[in-house]
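Residues per chain, in single letters:
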Amino acid sequence: MCADDDLLIAAAAVIIIDQNDRKKARKSRKRRFWVRPSLKSGRAKYSVNDFMNDLILDEVDKLNLEYRCGTGFRNFFRMTSSDFETLLSLIGPRITKMDTTFRKAIPVNERLAVTLRFLATGDSYHSLMYMFKISKQVISAIVPEVCDALINALQDYIKMPENESEWKEKANEFNEKWNFPNCVGAFDGKHIALQAPINSGTEYFNYKGFFSIVLFAVVDANYNFTYANIGCQGRISDGGVINETKFKKSLEDNTMNLPSPCKLPGRNKSTPFVFVADDAFPLTCNIMKPYAGTQEKGSMKRIFNYRLSRARRVSENTFGIISSVFRILRKPILLEPKTAKKVVLAIVY
């Protein structure tokens, strides 16, 4: 055995011994306290239930000057108290925990409350810890678990039309509200800002200059999601994002059950049903995007671009709506991409 091999073996032995010493030190280290005294005493004095009941007072007392259809509860949790109870009935069995001999489990309504407040503000776990009197370590486990429960409970609310009649209903809505015939949806991508993921390099770094994951969504004329895909790395363009989705594959395979081409009002030539998008996406038989460049004022191309933009901005408006309701989307999410994906999906549902 050569000298180099002896050095490698000696170095490996030192590393193993050092790791074992560290493990022993961790085991022997005594905790200062099992629960922070400030959190423990705070929960006893004023619980989250008391706080939620105070918020509902605005909804009950009609003589209160602050009464504006449950403004306190709605502003804090981004939903009414009745919607909160509905969600609680749907996900309660999924997130319920058993009491132990060490402590009582955190109630399901508090688990949902801290998650909704996190989505509504994007506050750090430290900030939520002092507000709800729950340790940041427990909150870091509660948020992904509740988001998973919300996704499983609400996933049937977002679905693509399944037959021609349903697609034609979507097209009629776009024609009536946005004056664009044979349009069955508008889609676009939104970059969700992230804190730089650990050891990710430039994988999540986008062309706008920050780290992100991409939310690709299809929206109907009423600002409702009909399809959503989240999690693609920010470095990939919108055109590349759609290529990795089931939506694009079903569109190419003709398994989406789109209606057959039909004649537009006042025209003799049949026109296919289309999705509208911006310049970042490819132009295909069922994907319509505006003419490139600046068009002459009053020309047919300029009028077409204007009409298409009226229909396409529905997707942009939808992203604006969810960002104004759930303010976590307005700042970098301080989570790893896997957990951030759960958070964004829960917001969409």
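Since this is a predicted model, take the numbers as computed values, not measurements. (Residues numbered from 1 in each chain as written. Predicted model: local features only at pLDDT ≥ 70, side-chain atom pairs only at ≥ 80, totals over all residues. Heavy atoms only, no water.)

J.: Lay out the environment of Asn222 in plain terms, naming residues and giving numbers.
T.: In this structure, Asn222 sits in the loop between strand 2 (212–219) and strand 3 (225–233). On the basis of relative accessible area, Asn222 is assigned to the partly exposed category, the value being 26%. Once the C-alpha coordinates of Asn222 and Val314 are considered, the two residues, 92 residues apart in sequence, prove to be 8.0 Å apart. Excluding anything up to four places from it in sequence, Asn222 contacts Glu173 and Lys177. (Helix = DSSP H or I, 4+ residues; strand = E, 2+ residues; numbered from the N terminus. Buried < 20%, exposed > 50% of the residue type's maximum accessible area, 1.4 Å probe, protein only. Contact = heavy atoms within 4.5 Å.)

J.: Can you lay out helix 8 (residues 136–154) for me, pointing to particular residues and giving the numbers?
T.: Within an α-helix, residues lying three or four positions from one another point in the same direction, as the helix has 3.6 residues per turn. Compared with an ideal rise of 1.5 Å per residue, which puts 19 residues at 27 Å, helix 8 spans 27 Å between its outermost C-alpha atoms and is within 8% of the ideal. Restricting attention to buried positions, one finds in helix 8 the residues Ile139, Ile142, Val143, Pro144, Val146, Cys147, Ala149, Leu150, Ile151, Ala153 and Leu154. Elements that come into contact with the buried residues of helix 8 comprise helix 5 (81–95), helix 6 (108–121), helix 7 (125–132) and helix 13 (337–348). (Expected span 1.5 Å × (residues − 1).)

J.: Give me the pattern of salt bridges: which residues, what numbers.
T.: It is possible for side chains bearing opposite charge to pair when their charged atoms get close. Inspection of the entire model under this criterion finds 6 salt bridges. Through salt bridges that share partners, Lys97, Arg111 and Glu145 make up one connected network. (Salt bridge = Lys/Arg side-chain N within 4 Å of Asp/Glu carboxyl O.)

J.: Talk me through helix 7; I want residue IDs and the actual numbers.
T.: Listed in full, the buried residues belonging to helix 7 are Tyr125, Leu128, Met129 and Phe132. Down the axis of helix 7, the sector holding all buried residues measures 110 degrees, keeping them to one side. Phi turns positive one or two residues past the end of helix 7, at Lys133, with a value near 60 degrees. (Arc of directions from axis to C-beta.)

J.: Describe the packing of aromatic side chains, listing the residues and the values that go with them.
T.: Summed over all chains, the structure comprises 20 aromatic pairs. Taking the centre distance of 4.9 Å and the plane angle of 50 degrees together, the rings of Phe73 and Phe77 count as tilted. A residue pair is termed a helical-turn pair when its members lie 3 or 4 positions apart in one helix, as Phe73 and Phe77 do in helix 4 (residues 71–77) at 4 residues. On the accessibility criterion, Phe73 (1% relative accessible area) is buried. Ring centres of Phe205 and Phe211 lie 5.1 Å apart, and the angle between their planes is 70 degrees; on these two criteria the pair is classed as edge-to-face. When its relative accessible area of 36% is taken as the criterion, Phe205 is described as partly exposed. Taken together, Trp167, Phe187, Phe216, Tyr227, Phe247, Phe275 and Phe281 form an aromatic cluster joined through their ring pairs. For the cation-ring pair, Arg117 lies above Phe76, with the distance from its terminal atom to the ring centre recorded as 4.1 Å. (Phe/Tyr/Trp six-rings, centres within 6.5 Å; stacked < 30°, edge-to-face > 60°. Lys NZ or Arg CZ within 6 Å of the ring centre and 35° of its normal.)

J.: Talk me through the nonpolar core; I want residue IDs and the actual numbers.
T.: If you look at the biggest cluster of nonpolar residues, it comprises 68 residues, and the most contacted ones within it are Phe77, Phe84, Phe118 and Val343. Of the residues forming this core, the biggest block, 10 residues, is contributed by helix 8. When neighbours within four sequence positions are excluded, Phe84 is seen to be in contact with Met52, Phe73, Met79, Asn109, Leu112, Ala113 and Leu116. Counting 21 residues, the second-largest nonpolar core is a separate cluster that includes Val214, Phe216, Val218 and Val241. (Core = buried A, V, L, I, M, F, W, Y, C linked by side-chain atoms within 4.5 Å.)

J.: Quick rundown of the pairing of strand 1 (residues 183–193)? Include the residues and the values.
T.: Strand 1 sits mainly inside the fold: 11 of its 11 residues count as buried. Relative to strand 6 (residues 274–276), strand 1 runs parallel, the two sharing 3 bridges. Paired with Cys183 across the bridge in strand 6 is Val274. (Pairing = 2+ DSSP bridges.)

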